[in-house]
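One letter stands for each residue in the lines below.
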Amino acid sequence: MTQDEQKRAVARAARDYVAAHIADGAIVGVGTGSTANFFIDELAALKERLGGAVASSEATRIRLEGHGIRVFDLNEVEDLPIYVDGADEINAALMMIKGGGGALTREKIVAAVARTFVCVCDQSKLVDTLGKFPLPVEVVPMARAHVARELAKLGGQPRLREGFVTDNGNLILDVHGLAIGHPAELENAINEIVGVVTSGLFARRGADLLLLATASGVETMRRATATITS
Ligand code: 5RP
């Protein structure tokens with residue numbers, strides 16, 4: 001299977017998971033990126049059952065609405081049973097680096113509200129140690145240089161993502177050269193830097209379930225402490 005065929009296969013598996021685990025009228029959180037796009041296209045088959053969706057980016061909102069799926073502001077939604085999103089890297093504890101598409105802040109907010117986070121990836125994303133993929137950090141523009149200096153003190157080499165502005169009007173520093181041995185501690189340390197909006201390290205709230213596309217099919221991995229609702 002090509003990488004796109006793997007993404008399509010895992011998107012179908014996620015659609016089936018959603019179909020089996022939501023009540024009629026439920027609202028589902030939807031992530032951002034190429035794998036999430038395949039999922040959105042599959043989710044369209046469930047649109048008569050769905051109450052709608054919450055989007056983690058403007059690009060996702062546009063794609064959902066293009067399929068006739070109603071998109072809700074997160075503030076209007078009390079219960080989000082499932083959030084489906086991709087990742088740039090994921091480890092065996094289902095901690096992730098996200099934000100390659102720059103949507104990390106809204107992704108982290110939607111993930112915080114969702115009861116179950118289903119990560120959809122192809123095999124290339126599964127790693128032993130997070131950090132080979134540069135860690136995206138969203139920063140308030142006037143704090144860019146200060147945050148870059150503080151990230152360098154944590155051992156990384158931050159580089160401004162040129163010509164990119166997030167949906168929230170902020171900048172992204174991509175932090176190279178990190179071998180992330182203690183993801184939750186690093187997430188806390190980055191959160192404490194004044195001017196940081198969010199980091200793309202999803203350690204404290206990782207995924208609950210990983211649907212992983214491999215050449216021979218889709219495998220399922222669960223986080224040890226996951227609460228899977230049905
Ligand atoms: C966007 C993300 C994406 O989930 C991540 O970049 C993976 O994208 P893709 O499915 O295209 O590989 O975090 O901000």
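Coordinates for the structure precede this section.
Chemist: Looking at this model, I keep getting lost on the site of the ligand. Mind explaining?
Modeler: For the ligand, the set of nearby residues contains 16 residues, the closest of which are Ser34, Thr35, Asp88, Gly99 and Lys125. For the ligand, an oxygen atom lies 3.5 Å from a polar atom in the backbone of Gly100. A distance of 3.4 Å separates an oxygen atom of the ligand from a polar atom in the backbone of Gly102. Here the ligand loses 91% of its free accessible area of 380 Å² to cover by the protein chains.

Chemist: What is the right way to look at the state of the cysteines in this model?
Modeler: Every disulfide links exactly two cysteines, by a covalent bond between their sulfur atoms. Under the defined criterion, the tally for this structure stands at 0 disulfides. Free cysteine: Cys119, not disulfide-bonded; nearest cysteine sulfur from Cys121 at 3.5 Å.

Chemist: Would you take a moment to explain helix H6 (residues 183–191) for this structure?
Modeler: Every α-helix winds through 3.6 residues per turn, so residues three or four apart in the chain are directed the same way. By the burial criterion, the buried members of H6 are Pro183, Leu186, Glu187 and Ile190. In an axial view of H6, the angular spread of the buried residues amounts to 105°, which keeps them on one side of the axis. Where H6 is buried, its residues touch helix H4 (104–113), strand E8 (135–139), helix H5 (144–153), strand E11 (196–199) and strand E12 (201–202).

Chemist: In this structure, what is going on with the side chain of Asp88? I would like to understand it.
Modeler: You can see Asp88 is positioned in the loop between strand E4 (82–85) and strand E5 (89–90). Buried within the structure, Asp88 lacks any salt-bridge partner; Lys125 is the closest side chain of opposite charge, at an N-O distance of 4.9 Å. Separated by 3.2 Å, the side chain of Asp88 and the backbone nitrogen of Gly99 make a polar contact. In this view, Asp88 contacts Ile97, Lys98, Gly99, Gly100, Lys125 and Phe133; residues no more than four positions away in its chain are not counted.

Chemist: Looking at this model, I keep getting lost on the sheet that holds E11. Mind explaining?
Modeler: Sheet architecture is open: 4 strands sit in the order E9-E10-E8-E11, paired in antiparallel fashion. Among the strands making up the open sheet, the edge pair consists of strand E9 (157–160) and E11. On average, each strand axis in the sheet is tilted by 30° relative to the strand beside it, whichever way the strands run. Relative to strand E10 (residues 171–176), E9 runs antiparallel, the two being bridged by 4 bridges. Paired with Pro158 across the bridge in E10 is Val175. Where H5 meets the sheet, its contacts fall on E8, E9, E10 and E11, and the angle it forms with E10 comes to roughly 20°. Of the strands in this sheet, E8 and E11 are in contact with H6, which crosses E11 at around 165°.

Chemist: Help me understand the sheet that holds strand E3 (residues 71–72), please; the structure alone is not making it clear to me.
Modeler: Paired through backbone hydrogen bonds, the strands of a sheet run either parallel or antiparallel to each other. Read from one edge of the open sheet, 7 strands run E3-E2-E1-E4-E7-E13-E14, paired in mixed fashion. A strand with exactly one partner marks an edge of an open sheet, and here the two such strands are E3 and strand E14 (217–222). Sheet topology places strand E2 (residues 52–55) next to E3; 2 bridges connect them, and they run parallel. Of the residues in E3, the one forming a bridge with Val54 is Phe72. Against the sheet, helix H3 (residues 58–66) makes contact with strand E1 (27–30), E2 and E3, and its axis sits at roughly 160° relative to E2, the strand it touches most. Against the sheet, H4 engages E1, E2, E4 and strand E7 (116–122), with an angle of about 150° to E4.

Chemist: How should I be thinking about the nonpolar core in this particular structure?
Modeler: Soluble globular proteins tend to pack their nonpolar side chains together in the buried interior. If you look at the biggest cluster of nonpolar residues, it comprises 27 residues, and the most contacted ones within it are Val18, Val30, Phe39, Leu43, Leu64 and Val84. Contributing elements (two or more residues each) for this core: helix H1 (3–21), E1, helix H2 (34–43), E2, E4, E7 and strand E13 (209–214). In this structure Val30 touches Phe39, Ile40, Leu43, Ala53, Val54, Ala55, Ser56, Thr60, Leu64, Tyr83 and Val84, once residues within four positions along its chain are discounted.

Chemist: What's the story with the environment of Glu162 in this structure? I'm lost.
Modeler: For Glu162, the position within the fold is in the loop between E9 and E10. A residue is classified by how much of its surface remains accessible, and Glu162, at 69% relative accessible area, is exposed. C-alpha of Glu162 to C-alpha of Leu173: the two residues are 11 residues apart in sequence and 9.2 Å apart in space.

Chemist: Just checking my understanding: could you explain the pattern of salt bridges for this structure?
Modeler: Going through the model one piece at a time under the given rule, you end up with 17 salt bridges. Where Asp174 meets Arg161, a salt bridge forms, and the shortest distance between an N and an O atom there is 2.8 Å. Note that Asp174 is positioned in strand E10 and Arg161 in the loop between E9 and E10, a separation of 13 residues in sequence. The residues Asp174 and Arg161 share a single accessibility class, namely buried. Measuring nitrogen to oxygen at the nearest pair gives 4.0 Å for the salt bridge that ties Arg204 to Glu187. Placement of the pair is Arg204 in the loop between E12 and E13 and Glu187 in helix H6, with a sequence separation of 17 residues.

Conventions adopted
- Chains are numbered independently. Their residues run from 1 in the order of the written sequence.
- Local features in this predicted model are restricted to residues of pLDDT 70 or higher, and side-chain atom pairs are both shown and tallied only at a pLDDT of 80 or more, whereas totals for entire chains, interfaces and linings draw on every residue.
- Values shown for side chains rest on all heavy atoms present in the structure; no hydrogens or waters enter the calculation.
- A molecule or strand has a residue near it when one of that residue's heavy atoms lies within 4 Å.
- Throughout this description, a polar contact denotes any pair of N or O atoms lying within 3.5 Å of each other; where both atoms belong to protein, one of them has to be capable of donating a hydrogen while the other can accept it, and for residues adjacent in sequence the pair is counted only when both atoms sit in side chains.
- Here the accessible surface of atoms and residues is derived via Shrake-Rupley with a 1.4 Å probe, and residues count as covered only by protein chains that are part of the display.
- Cysteine sulfur pairs qualify as disulfides if the two atoms are within 2.5 Å.
- Throughout this description, buried means an accessible area under 20% of the type-specific maximum (1.4 Å probe, protein chains only), exposed means over 50%, and partly exposed covers the range between.
- Only runs of H or I of at least four residues qualify as helices and only runs of E of at least two qualify as strands under DSSP, and these elements are numbered from the N terminus.
- By definition, the arc is the one covered by directions from the helix axis to the C-beta atoms.
- Two residues qualify as a contact provided that any one of their heavy atoms is within 4.5 Å of a heavy atom in the partner residue.
- For this count, His and the chain ends are skipped, Lys and Arg are scored as positive, and Asp and Glu as negative.
- By salt bridge we mean one thing: a side-chain nitrogen of Lys or Arg within 4 Å of a carboxyl oxygen of Asp or Glu.
- Pairing between two strands is assigned when DSSP locates at least 2 bridges connecting them.
- Note on geometry: axes are lines fitted to C-alpha atoms, helical ones only across the stretch in contact, with angles between N-to-C directions running from 0 to 180 degrees.
- As used here, the term nonpolar core means buried Ala, Val, Leu, Ile, Met, Phe, Trp, Tyr and Cys residues forming a set that is joined through side-chain atoms within 4.5 Å.

Remember that the coordinates give geometry; whether it matters functionally is a separate question.
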